Every structure is written in structure tokens, then in C-alpha cells.
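# Analysis of the macromolecular model
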Amino acid sequence: MAAEDGARSPTRMLAEGHLRVATGGGAPADGGIAVRHLPHHHTAKKESVGGKSEENNHGDADFSPSQELDKLVNGNNKVPATLDDYRKLVVPVIEEYFSTGDVELAASELRSLGSDQFHYYFVKKLISMAMDRHDKEKEMASILLSALYADLLGSFKMSEGFMMLLESTEDLSVDIPDAIDVLAVFIARAVVDEILPPVFLTRARALLPESSKGVEVLQVAEKSYLSAPHHAELVERKWGGSTYFTVEEAKKKIQNILREYIESGDTDEAFRCIRELGLPFFHHEVVKRALIFGMENPSSQPLILKLLKESTAGCLISSNQVSKGFSRVAESVDDLSLDVPSAKTLFDKLLSAAISEGWLDASFSKSAASDEDMLNASGEKVKRFKEESGHIIQEYFLSDDVPELIRSLQELSAPEYNAIFLKKLITVAMDRKNREKEMASVLLSSLSLELFSTDDIMKGFVMLLQSAEDTCLDIVDAPSELALFLARAVIDEVLVPLNLDDISSKLRPNSSGSQTVQMASSLLAARHSGERILRCWGGGTGWAVEDAKDKISKLLEEYNTGGHLGEACQCIRDLGMPFFNHEVVKKALVMAMDKQNEASILALLQECFGEGLITINQMTKGFARVKEGLDDLVLDIPNAQDKFVAFVELATGRGWLLPSFATAP
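Keep in mind the model is a prediction, meaning the values are calculated, not measured.

Per the secondary structure count, the chain includes 38 helices and zero strands. Relative to its 665 residues, the chain shows a buried fraction of 52%. Here the analysis covers contacts within the chain between residues at least 6 apart in sequence; of these, 77% occur between residues at least 24 apart. As displayed, the chain has an accessible area near 29600 Å², and 51% of this comes from carbon and sulfur atoms.

What follows is the structure in C-alpha cells.
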């Protein structure tokens, strides 16, 4: 398949910008449905594995995938270096999962492969194998994808795997007569399970030939499944229903287990019930609920401490899940104080007991204290940071210069306050016009790629939502504006839908902030929500990077063939992407080199600079990008180096470039 051989297929295009991914913070927190399974050791696997292998069984007739996988897991072989190696090893993982239904084992084996760059193929192979099997295996495949999402399979790999399936629909249809409908259900299920963003359908369609069966799959997914009344229930029960609980059901079961334990004192029975839940990734909720019970009913504290200590010692609840449970209570202790006035004192007592008994790391109290200090707005350092960041934000709204803002933020050297910066940015934008709101979303997308982790962004939104009531006093429509910012962050893939659940879990039930998150979820659930949210403030072209580049090329070509200078400037303005004007500069310079028409092209750049349409920072970045690509350009334009030197001299003389450009290596 072309995509697998590295050709520039729609899948590759998808990877290059059509679906942007926030890389700063890795996986979302595991408080939502995304599963974080603990690795566990296992013994030998089956020697004989059935089923067809990819591409008509690549490799030797004597090759045994199970034996190879055993070698790899036991450390007797190298990590698969090529996609062909990975293909051979991943099939037995899937076969064994279909045989055992053991999600943890599948996660452990996939993790053992250590080849994250090939995990998109796992998505493709898992679904293509399930498509040729019964409903049971189809349901199991969907469950496994949800379980591995965020921990092992990020948004990028998930989207790429589904894109490869859409590209190969014609081939799948040869062996699977109902491939179009089955694949449509898988895509709809992935959207419902929130492991694919709804906008994936729109963007994937733009990358596929209009007459392809892949487009037909997307149409069926949207019209027959995602647009149907009560579509979530319909899709989830298509193959017999999920074997997992929803988050709310899991929380209720955990509460009931703890209530019964406090009444009976039977530790073994409580352990059995917790194991039967089969939700090791959600054990932080057990810890949180247990601590809250202990704070609400102090007489139950000895039982609670005994349960948590023994469950940690017996490896039923991991130290990571214990720490996260304590963290969640620490974050909400102020709210708990409304119902339990002594909540802070009681929590400190439980915390001290956990640390002194050795089942909670002593560093937890230090990290909790540092978080509290960070959020304490009376701190002198925080005050200075807020003041400086305010100036940076004001400058950005005047200049439209994302790189300059990023540099200024880096100079502050305070990454621990990234959440405070986000809160300040959106608060200032909400009190301004739609232009600034659009710019804030554009900036947030850039920051997520370069500086901010997912945790930073989530903390910033939590801080905003916790103070939503106060914000409403100054900004009447603050809840709806905040909902749009949240929804836009999901559409831009700064956050994933599951992050909204985690954000909501940190807010008081029925508070203004909690209702705002629900509003954002409703906006995202609406039909064609992606396009509407991208344009909610009149900006947001909704174009992918490749589309924007194509429009820039066309407007420059049109100008070069006799177009009007003012009209060309207007076209650049109409793009509505001032943060991407460095691409205009780059393409204009390359065109001037290639077509010997530098006079008119340079006149266009002068006009844009003179009008303030292209800032000095965007101009400098455009020249820098051409400079970086000169070695490739001289292959097609022999005198590119000389031309570029002349352009730099002219630009320097006219003040287009920052002084730092001349000294850059």
C-alpha cells in the first residue's frame, strides 16, 4: 500500500498538518474513559495462531509469529526496526486478544514491542481482522481501541490508522462484502467513544478521491449512524453492547462497594468487588471516594486507611493511582470544606498517615504544597508573572505575531505558570472583539504544539471555569464564550473530548463551570459542529495547512500574471491567517527567484509591509525559511543563492528584517 511505503498518500498528508495534534503533554489524564492499564508479566503464549497475516503472509514459511513475539517480550530480540517486522509481531497479539479477551495482556504485549511509530498499523490491522469475524470480535476491537487510547495509541496514530483503512476500503470490499457498512460503524463508534474527533470525517473526506469507497464509508457513518436519533446508544449496541461501564456507572459501583465495606469491615470482600470492576485505570476514583468517606465520617478512617494500605501492599491499587486519588482530593478540598468544615484538617491527617505508613510517597506533600503555592494569586512571583503576561498578550493582539509571543513567554522562564497564562489570555480575549477571540484560539493551538502540555491547558481551563461566576459579573455572556473556547480547543485538537470529562470532574456539580463544560459538549455533539465552531468568531478559515498553502500559491500566481497590487493584498487579508503570512513571504521569494520577476514580487512584499499586513516578525520568518531550504532550491534554481543574498540586502535596507536575522548562522 502506498501509504505504508512512505508515499505522499492522504495518510501522509494527514500526518503533515490536516489533523494537528497537541504534543506538549502527551496523554490525557486517565480520569475519563481512556484506559491506563498497568503492565503485567505473563508466561508463554500459544505456539500456533490462526487467521490470515497481512499481505498474504509475508516472510518465511517456517516463521512463527508467536515464537518471535515471545523472544521480543523476553528481551531476546531487537525492537522491530521496520514495518514488516512489526506486522509479523502484531498479528499474534491481536489473535491472542480475540481468544482471551484480556485487555491488560494485549496492552502489555503492545507496549513490549516498543515501536510507537508503527502503532497506526495496529489500529488498521485490529479493525481489518475484526471486520472479517463475528460481532463479538468487532465489539472487542472497539473496546480495545478505547482501552489503549491516550496511553499507547494517541490521537495521531488513531487518526492515521483509520485513514489507512479508508484508503484501503476497495481492497477490503473484495473479501468482506459489507465492508463499507462495517467500517462506517467502526468510525461512528470511535467518534462516540471519543477516540476520534468529529471533525475527522470532514478532513478525511477532503483527502480522499470523491468517487472512492472511503468517501462512501464516511457518508454512511455520518448519515446512517452519527446523525440518527439517539445515535450513541444505537452505535454502542450495534454489536451487542459494551462490556464496560460508563464513567457514571463505575462511580456508583465504587461508592456502593465502599459503603458496604464501611458497614461490614470485610476487606477481602471489598478487594474482590474492586477486582471484579476490571477498571485498574480508574482506581484513583476508589482512592478519592474512600478518602472523602473518611473525611465525611471520621469514625470510618481506620477502616479506610486499612483498605488503602492493604490494597497498595497487595498491588491491587498501584502507587500511581493512589497518588492521583490523593491529588484529586487535594484539588477539591476547598469545595469539600463547604460540606465538611474540617475537611482540610481531616485530609492532612489522612495524608500524614499514608506517608508515615509508607504507602504514599513522601514527595506528594511537597508537590501538593507547590501546586497550592502556584495557584496562590497573592504570591509575589505570580503577581509579577501576571503583569508581564498581560503586557505580552496586549502586544500580541496588536501585532498578530505568534513566534514573537512564544519567544517572550520563553524569556519569562516560568513554565510552571502556563495555566495562569492561558487563563489570562482567554479572560482578556473574552472582553474584546471576535478578532481577539479568534487570535486567542489560534495562539492556544500554537502553544500546545510548542510550549504547553495537555495538563497545562486543562489546568488553565479548570481555573477559568472555577472562577466562572466571578467572570460573569464583568462579562455577561462569559459561560457561552468559555464553552466556545473549550469546544474550539477540541476541534483544533488542543484537547481531546475525554479531557472535558476530566475537567468536569474537577468542578463542583451544577456549578456555572460544570454547566459550561456540558454546553461545550453539546456544541461538539451537533451536526457539522466542526465547521461552525471553527467559524464561531468570524475567523478560523477551517482550512488545513495544505489548503492554505494552495490558496497562497494561487493568489501569487494570479498576481504574477498581471494581477493588481491592491487586489493581491486584499486576497492575503481575506485569508484571515496573519500567523501564517511567513508562508506568503517564502512562496513570494521562491517565485521571484524562479520566474525572474523579482521587481513585481518585491513590490508586493513592500506594499504588504508598508500596510502592516505582514509584520517584521512574519517577514523575518519567511526569509529564514527560504534560507533553510537554499540547498534544495539550488538544485532547481542554480542562482538561488545569489538571488537570496540580493533580496536580503534589499530587505535589510528597507527595514523588513529583524537585526537578529543578519547575525543568525
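So that's the structure; there's more coming.
A few words on empty space enclosed by the protein. Tallied over the entire structure, the rule returns three cavities of 30 Å³ or more. Put simply, the second largest cavity is a space of about 50 Å³. What lines the second largest cavity is Tyr149, Ser155, Glu194, Ile195, Leu196, Pro197, Val490, Glu493, Leu495, Val496 and Pro497. Of the residues assigned to the lining of the second largest cavity, the class counts are eight nonpolar, one polar and two charged.

Right, let's talk about the packing of aromatic side chains for a bit. According to the stated counting rule, one finds ten aromatic pairs in the structure shown. Where Phe326 meets Trp359, the ring centres are 6.0 Å apart and the plane angle is 55°; that geometry is what we call tilted. Remark: Trp359 occurs in the loop between α19 (343-356) and α20 (363-375) and Phe326 occurs in helix α18 (residues 319-339); sequence separation between them is 33 residues. By relative accessible area, Phe326 is classed as buried at 0%. By relative accessible area, Trp359 is classed as buried at 7%. Considering the side-chain rings of Phe623 and Phe644, the 6.1 Å spacing of their centres and the 45° angle between planes classify their relative orientation as tilted. Taken together, the positions of Phe623 in helix α35 (residues 616-628) and Phe644 in helix α37 (residues 640-653) put the pair 21 residues apart, joining distant regions of the chain.

Our next topic: the packing of helix α4 (residues 83-100) against helix α5 (residues 103-113). Across the interface, α4 lies against α5 with an axial gap of 9 Å and an inter-helix angle of 170°. As the angle between them shows, α4 and α5 are arranged roughly antiparallel. Within the contact between the two elements, α4 uses Tyr86, Leu89, Val90, Val93, Glu96 and Tyr97 and α5 uses Val103, Leu105, Ala106, Glu109, Leu110 and Leu113. Looking at the contact of α4 with α5, its residues break down into ten nonpolar, no polar and two charged.

Tallied over the full model, the rule gives zero disulfides. Cys569 takes part in no disulfide bond, and the closest cysteine sulfur, belonging to Cys608, lies 3.9 Å away. The closest cysteine sulfur to the non-disulfide-bonded Cys571 is located on Cys569, 9.3 Å from its own sulfur.

Scanning the entire structure with this criterion turns up 20 salt bridges. Put simply, Arg272 and Glu269 hold a salt bridge, and the shortest N to O gap is 2.6 Å. Here Arg272 and its partner Glu269 are both found in helix α15 (residues 267-277), three residues apart, which amounts to about one turn of the helix. By relative accessible area, which is 32% here, Glu269 ends up partly exposed.

Okay, the environment of Thr620 next. Locating Thr620 in the fold gives a position in helix α35. Residue classification places Thr620 among the buried residues on the basis of a relative accessible area of 9%. Between the alpha carbons of Thr620 and Pro659 there is a distance of 9.5 Å; along the sequence they are 39 residues apart. If we ignore the near neighbours within four places in the chain, the residues touching Thr620 are Trp656, Leu657, Leu658 and Phe661.

Now for the confidence of the model for the chain. Chain-level statistics for the chain give a pLDDT mean of 77 and a share of 79% at 70 or above. In this model residues 1-78 is a low-confidence stretch, pLDDT under 50, and it forms 188 contacts with partners more than four residues away in sequence or in other chains. Low pLDDT, under 50, characterises residues 540-544; the stretch is placed with 15 contacts to residues that sit more than four places away or in other chains.

The residue Lys138 is located in helix α7 (residues 135-148) in this model. Reaching out from Lys138, the side chain makes a polar contact with the backbone oxygen of Arg133 at a distance of 2.6 Å. For Lys138, the contacting residues outside a window of four places in its chain are Ala130, Met131, Arg133, Val182, Phe186 and Trp239.

A positive phi angle, near 65°, is found at Glu194, a position not held by glycine. Note that Glu194 resides in the loop between α10 (179-192) and α11 (199-207). The backbone of Ser413 sits at a positive phi, close to 50°, despite the residue not being glycine. Tracing the backbone through its elements, the reader meets Ser413 in the loop between α22 (402-412) and α23 (418-430). On the basis of relative accessibility, which here comes to 54%, the residue Ser413 falls in the exposed class.

Bringing the nonpolar core into the picture now. With 73 residues, the main nonpolar core has Phe122, Phe162, Leu166, Phe186 and Ile187 as its most contacted residues. Breaking this core down by element, the ones donating at least two residues are α4, α5, α6 (119-131), α7, α8 (155-167), α10, α11 and α12 (213-226). Per element, the largest residue contribution to this core is twelve residues, and it comes from α10. Each residue touching Ile187, except ones within four places of it in the same chain, is listed here: Phe162, Leu166, Leu196, Leu201, Val217, Leu218 and Ala221. One finds Ala419, Ala440, Ala489 and Leu534 within the second-largest nonpolar core, a separate group that totals 56 residues.

Looking now at the packing of helix α27 (residues 478-491) against helix α29 (residues 512-525). Close contact between α27 and α29 brings their axes to 8 Å; oriented N to C, the two are set at 50°. One element, α27, and the other, α29, form an angle in the oblique class. Crossing geometry of α27 relative to α29 is assigned as right-handed. Within the contact between the two elements, α27 uses Pro479, Ser480, Leu482, Ala483, Leu484, Leu486, Ala487, Val490 and Ile491 and α29 uses Ser512, Thr516, Val517, Met519, Ala520, Leu523 and Leu524. In the contact of α27 with α29, the residues fall into 13 nonpolar, three polar and no charged.

Here we take up a negative patch on the surface. A surface patch of like charges, here negative, comprises Asp594, Asp631, Asp632 and Asp636. Among the elements that make up the negative patch, the one with the highest residue count is helix α36 (residues 630-636) (three residues). Here Asp594 shows up in helix α33 (residues 581-595).

With respect to the helices and strands, Asp102 occurs in the loop between α4 and α5. Between the C-alpha atom of Asp102 and that of Met140, which follows or precedes it by 38 residues, the distance is 9.8 Å. Only 3.1 Å separates the side chain of Asp102 from the backbone nitrogen of Glu104, close enough to count as a polar contact. Reaching out from Asp102, the side chain makes a polar contact with the backbone nitrogen of Leu105 at a distance of 3.0 Å.

Here we come to α5. Burial runs high along α5: eight of the eleven residues are buried. The N-capping residue of α5, defined by a side-chain oxygen 3.1 Å from the backbone nitrogen of Glu104, is Asp102. Looking at the residues trailing α5, positive phi occurs at Gly114, about 65°.

Rules used in this analysis
Residues numbered from 1 in each chain as written. Predicted model: local features only at pLDDT ≥ 70, side-chain atom pairs only at ≥ 80, totals over all residues. Heavy atoms only, no water. Helix = DSSP H or I, 4+ residues; strand = E, 2+ residues; numbered from the N terminus. Buried < 20%, exposed > 50% of the residue type's maximum accessible area, 1.4 Å probe, protein only. Contact = heavy atoms within 4.5 Å. Areas by Shrake-Rupley, 256 points an atom, 1.4 Å probe, with all protein chains shown as cover. 1 Å grid on protein atoms, 1.4 Å probe; cavity = no way out; pocket = protein on both sides within 12 Å on 5 of 7 lines; lining within 4 Å. Points joined across faces, edges and corners; volume = space filled by probe spheres on them. Nonpolar A, V, L, I, M, F, W, Y, C, P; charged D, E, K, R; others polar. Phe/Tyr/Trp six-rings, centres within 6.5 Å; stacked < 30°, edge-to-face > 60°. Axes fitted to C-alpha atoms, helices over the stretch in contact; angles between N-to-C directions. Parallel < 35°, antiparallel > 145°, perpendicular 65-115°, else oblique. Disulfide = S-S within 2.5 Å. Salt bridge = Lys/Arg side-chain N within 4 Å of Asp/Glu carboxyl O. pLDDT = per-residue confidence, 0-100. Polar contact = N/O pair within 3.5 Å; in protein donor to acceptor, adjacent residues only side chain to side chain. Core = buried A, V, L, I, M, F, W, Y, C linked by side-chain atoms within 4.5 Å. Left-handed = near helix turned anticlockwise from the far one by under 90°. Patch = residues over 30% accessible without salt bridge, like charges linked within 9 Å, V, L, I, M, F, W, Y side chains within 5 Å. Lys, Arg positive; Asp, Glu negative; His and termini not counted. Charge placed at Lys NZ, Arg CZ, Asp CG, Glu CD.

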